Amino acid sequence: MDVHEYQAKELLASFGVAVPKGAVAFSPDQAVYAATELGGSFWAVKAQIHAGARGKAGGIKLCRTYNEVRDAARDLLGKRLVTLQTGADGKPVQRVYIETADPFERELYLGYVLDRKAERVRVIASQRGGMDIEEIAAKEPEALIQVVVEPAVGLQQFQAREIAFQLGLNIKQVSAAVKTIMNAYRAFRDCDGTMLEINPLVVTKDDRVLALDAKMSFDDNALFRRRNIADMHDPSQGDPREAQAAEHNLSYIGLDGEIGCIVNGAGLAMATMDMIKHAGGEPANFLDVGGGASPERVATAFRLVLSDRNVKAILVNIFAGINRCDWVAEGVVKAAKEVKIDVPLVVRLAGTNVEAGKKIIAESGLDLITADTLTDAAKKAVEACNGAKR
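Note that the structure is predicted; figures quoted are calculated from it, not measured.

Structural notes on the sheet that holds strand β6 (residues 96–100)
Strand order in this open sheet of four strands is β1-β6-β2-β3, and the pairing throughout is antiparallel. Of all the strands in the sheet, the pair left with one neighbour each is β1 (22–25) and β3 (60–63). For this sheet, the mean inter-axis angle between neighbouring strands, taken without regard to orientation, is 20 degrees. In terms of strand pairing, β1 meets β6 through four bridges, oriented antiparallel. Residue pairing for β6: A23 is matched across the bridge by I98. Where helix α2 (residues 28–38) meets the sheet, it contacts β1, β2 (43–47) and β6, and its direction lies at approximately 20 degrees from that of β6.

Right, dumping it as structure tokens:
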């Protein structure tokens, strides 16, 4: 789960990380009020979306008057901001963050990521923070400072000092940077984070170290014990189909293909997508209905898949283990009758009571395409897709 910049900064500040003063606003008038409350004469108006590269896309505007703040907020609120990380559709801007824009001397980069290959937390830093950090990482990986944290002891003070000195900071700045590095690690660890990125981490003229921007992602499986973080979730920033799937305990991820997939089991779903691509097609989604493929869950799955107008065929691939094929087949037939399906439907069943399940499908009276193997099912789905019109 991702959170907005202002929410990430609230969490960081609660762990002792220094951040500029700021306030969130949902309207131009609120933005002006926030600027007056913050004081000063120079503010940044930042679009709040779950994506980076906002600066290059015009999502951050610097203002010197209250009228400029109002105009900037009016320009950003209600639009869809397209950045390098959002895709062509962009993400809706429903709130802006007003922040005091204090001058600074240097831009640095500081990040924490859960390295699943190493099974460790990896700290990444660079002397060259800012909007071009991705290009620097790709073209000059030697410019990155990396430290792998031993989970038994956590990040140590001497490691934070080594990072600070490698960032080229002076003695006063090193002290502030070590505090920031350690406190940010505590926030990452104690909140069950999977990613924390402070870019840029800036150094001011009076040797302060501030988190000028922040992005955080959290482990969904740990949210049950982090209710304060779970409450920060903004459904508008995700695929509405994924939100609807989550309400019914379905795992759904939308893709760019034309063949909808309804499968039980994450591993089988991945194999199904691979076989579709092997047969020359493109999957439209990942959808795992889980172990309890009841008629209600299957009907919800059909509605989710059909809500994607790019879908030209649907492949239902069920392997019954704890479930039974006859029960699953009844669910598929009932769901297919309840939901208006205007594309070819390919059904492949395997496992417990498979013959009884096939009989139910055959006697359903529905115009279904059946298959015995996954290879055959994927091939028939691709053929149906190529001949379908919607």
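Continuing now.
Thoughts on unusual backbone geometry
When glycine is set aside, most residues are seen to have a negative phi, and most peptide bonds are trans. Across the junction of N199 and P200, the peptide omega takes the value 10 degrees, indicating a cis bond. Looking at the element boundaries, P200 is found in strand β10 (residues 193–203). Residue A53 is not a glycine yet carries a positive backbone phi of 60 degrees. At N353, a residue that is not glycine, the phi angle is positive and equals roughly 55 degrees.

A short note on the UniProt feature "binding site: ATP" (unreviewed entry) in the protein
Cross-referencing UniProt, the feature "binding site: ATP" (unreviewed entry) maps to K46, E99, D102 and E107 in the present numbering. Here, the largest cavity is lined by D102 out of the annotated residues. Tracing the backbone shows K46 in strand β2. For K46, a relative accessible area of 5% translates into the label buried. Residues in contact with K46, not counting those within four places in the same chain, are E5, K9, R54, G59, I60, R95, V96, Y97, E99 and L212. Among the polar contacts made by the side chain of K46, one reaches the side chain of E5 at a distance of 2.9 Å.

Cut-offs applied
Residues numbered from 1 in each chain as written. Predicted model: local features only at pLDDT ≥ 70, side-chain atom pairs only at ≥ 80, totals over all residues. Heavy atoms only, no water. Pairing = 2+ DSSP bridges. Helix = DSSP H or I, 4+ residues; strand = E, 2+ residues; numbered from the N terminus. Axes fitted to C-alpha atoms, helices over the stretch in contact; angles between N-to-C directions. Contact = heavy atoms within 4.5 Å. UniProt positions renumbered as here; feature names shortened; annotations may be inferred. 1 Å grid on protein atoms, 1.4 Å probe; cavity = no way out; pocket = protein on both sides within 12 Å on 5 of 7 lines; lining within 4 Å. Buried < 20%, exposed > 50% of the residue type's maximum accessible area, 1.4 Å probe, protein only. Polar contact = N/O pair within 3.5 Å; in protein donor to acceptor, adjacent residues only side chain to side chain.

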